[in-house]
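Chain residues, written in single-letter form:
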Amino acid sequence: MSQTLSKIPVTVVTGFLGAGKTTLIRHLLENAGGRRIALVINEFGDLGVDGDILAGCGVETCREEDVVELTNGCICCTVADDFVPTMRMLLERRDRLDHIVIETSGLALPQPLVAAFNWPEVKTGATVDGVVTVIDAEAVAAGRFAADEDKVRAQRAADPSLDHDDPLEELFEDQIRAADLLVLTKTDLIDAAALARVKAEIETAAGRPLGIVTADKGRLPADVLLGLTAGTEDLIHARRSHHEIEHEGGEMHDHDDFESVVATAGEIADVEAFTAGLREIVAAHGILRLKGFAAVQGKPMRLLVQAVGGRIETYFDRPFRPGEARATKLVAIGLHDAIEDGEAAILAGIAALGTGPQVQAAE
Ligand SMILES: Nc1nc2c(ncn2[C@@H]2O[C@H](COP(=O)(O)OP(=O)(O)OP(=O)(O)O)[C@@H](O)[C@H]2O)c(=O)[nH]1
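Definitions and limits used
Residues numbered from 1 in each chain as written. Predicted model: local features only at pLDDT ≥ 70, side-chain atom pairs only at ≥ 80, totals over all residues. Heavy atoms only, no water. UniProt positions renumbered as here; feature names shortened; annotations may be inferred. Helix = DSSP H or I, 4+ residues; strand = E, 2+ residues; numbered from the N terminus. Expected span 1.5 Å × (residues − 1). Buried < 20%, exposed > 50% of the residue type's maximum accessible area, 1.4 Å probe, protein only. Arc of directions from axis to C-beta. Contact = heavy atoms within 4.5 Å. Polar contact = N/O pair within 3.5 Å; in protein donor to acceptor, adjacent residues only side chain to side chain. Patch = residues over 30% accessible without salt bridge, like charges linked within 9 Å, V, L, I, M, F, W, Y side chains within 5 Å. Areas by Shrake-Rupley, 256 points an atom, 1.4 Å probe, with all protein chains shown as cover. Salt bridge = Lys/Arg side-chain N within 4 Å of Asp/Glu carboxyl O. Lys, Arg positive; Asp, Glu negative; His and termini not counted. Charge placed at Lys NZ, Arg CZ, Asp CG, Glu CD. Near = heavy atom within 4 Å. Pairing = 2+ DSSP bridges.

An unreviewed UniProt entry annotates the protein chain as Cobalamin biosynthesis protein CobW originating from Aureimonas pseudogalii. According to its UniProt record, the protein chain has this under Catalytic activity (unreviewed entry): "GTP + H2O = GDP + phosphate + H(+)".

With that settled, consider helix α12 (residues 271-285). Since one α-helical turn is 3.6 residues long, residues separated by three or four positions face the same way. Between its terminal C-alpha atoms α12 stretches 21 Å, which fits the 21 Å expected from 15 residues at 1.5 Å a residue. Buried within α12 are the following residues: F274, T275, G277, L278, I281, V282 and H285. For α12, the arc enclosing every buried residue in end-on projection is 165°, short of the 170-degree limit, so these residues lie on one face. Structural note: α12 exposes E272, E280, A283 and A284 on the side pointing more than 90 degrees away from its buried face. Those residues of α12 hidden inside the fold are in contact with β9 (287-295), β10 (301-308), β11 (311-319), β13 (328-335) and α13 (336-351). The N-capping residue of α12, defined by a side-chain oxygen 3.2 Å from the backbone nitrogen of E272, is D270. Phi turns positive one or two residues past the end of α12, at G286, with a value near 60°.

For the rest of this paragraph, the subject is a negative patch on the surface. Judged by side-chain charge, D337, E340, D341 and E343 come together as a negatively charged surface patch. By the element assignment, E340 lies in helix α13. For E340, a relative accessible area of 48% translates into the label partly exposed.

What follows covers the site of the ligand. Around the ligand, a shell composed of 22 residues is seen, among which K21, T22, T23, K291 and E313 lie nearest. Note that an oxygen atom of the ligand is positioned 2.7 Å from one of the backbone N or O atoms of K217. Taking E313, its side chain carries an N or O atom lying 2.2 Å from an oxygen atom of the ligand. Notes on the ligand: free accessible area 660 Å², of which the protein chains cover 94%. If you list the elements that add at least two residues to the shell around the ligand, you get α1 (21-30), β9 and β10.

For the rest of this paragraph, the subject is the environment of T314. Note that T314 resides in strand β11. What makes T314 partly exposed here is its relative accessible area of 27%. Counting along the chain gives 43 residues from T314 to V271, while the straight-line C-alpha distance between them is 8.4 Å. Each residue touching T314, except ones within four places of it in the same chain, is listed here: V271, T275, L303, L304 and V305.

A few words now on the pairing of strand β1 (residues 8-14). Of all seven residues in β1, six are buried, a share of seventy percent or more. Taken together, the seven bridges between β1 and strand β5 (residues 126-136) define a ladder with parallel strand orientation. Directly across from V13, in β5, lies its bridge partner V132. Pairing of β1 with strand β4 (residues 99-103), which is carried by four bridges, proceeds in the parallel orientation. Within β4, the position partnered with V10 by the bridge is I100.

This is the structure in structure tokens:
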């Protein structure tokens, strides 16, 4: 008699650009407690950095074949083309899996993705164990998601017909609205009073009782993240996004508010000078997120570069592989007009931080 397989639980990890999703997932994989976890990663921008970070993490429960990267657009828009075929493939292997974790892009609306779990070919084999929304407490404390009230008031005064909602604020609220659990990250960067303010702001945005936990560099027990048994696909209709409310007719949302550009440079001579130069470029062009890898002259290891707002972090994560180009390659993501208007200057500025042509790693 064929064993009736129970539905495989799926955890959706969402949260704005640079909130700490990959860091949280990497810690989960390193402390999976024997669970066999498949990972689906989706990123905004044309450089698969998160997948590369996790593939390079050297965790035996994070084998190449257990990581699926969805790279042709934001998962909330490519649900039919990308996500459903991926789920079909994973469900064929469900006897060898205990859990699926989906990391959405930092610009994804979770609602369309969760709603897709009601599609017949998915619903019979999987259920949404929970939507975990990762929130950068430092960014919230610094007001980086609150709309600039004066600017919005001036816009509304100028032309009341325009849709003035701030895309950052809307997306931030939509990712909270969809959540079953909120994870506050980077609390090591703010004081207790700021943390209390952030929690109050988030509880207001949630509009309903929600579990809120903090995670220091992604360190949360797997039992806190997995096993929520929320069945969110049956609840998501009551957690509609701004877009769904504004466009009752079901008009597709898009990502026109945001843009990305991939910049390259040769090897860099000095990490400090490189970081200082990046900081200037990020500030000058309002870059929301910048990440990727750099080659440092004379160093066999690859430098991982992470910038969220003005905070830039770099560390050597793994050696360049034989034959791998010792290149410096970064993806910059920001509001559409800022990136479009600044593209040439961003590309030139980053190229100027390199010392010369890209070189091939020794065989
Ligand atoms: N200080 C501090 N930094 C953190 C914490 N969690 C994550 N970070 C840093 O925040 C930056 C972004 O972390 P990621 O895990 O790449 O964020 P992400 O949400 O996956 O980013 P995107 O996929 O680009 O949206 C990295 O430099 C992390 O080291 C934390 O708790 N404290």
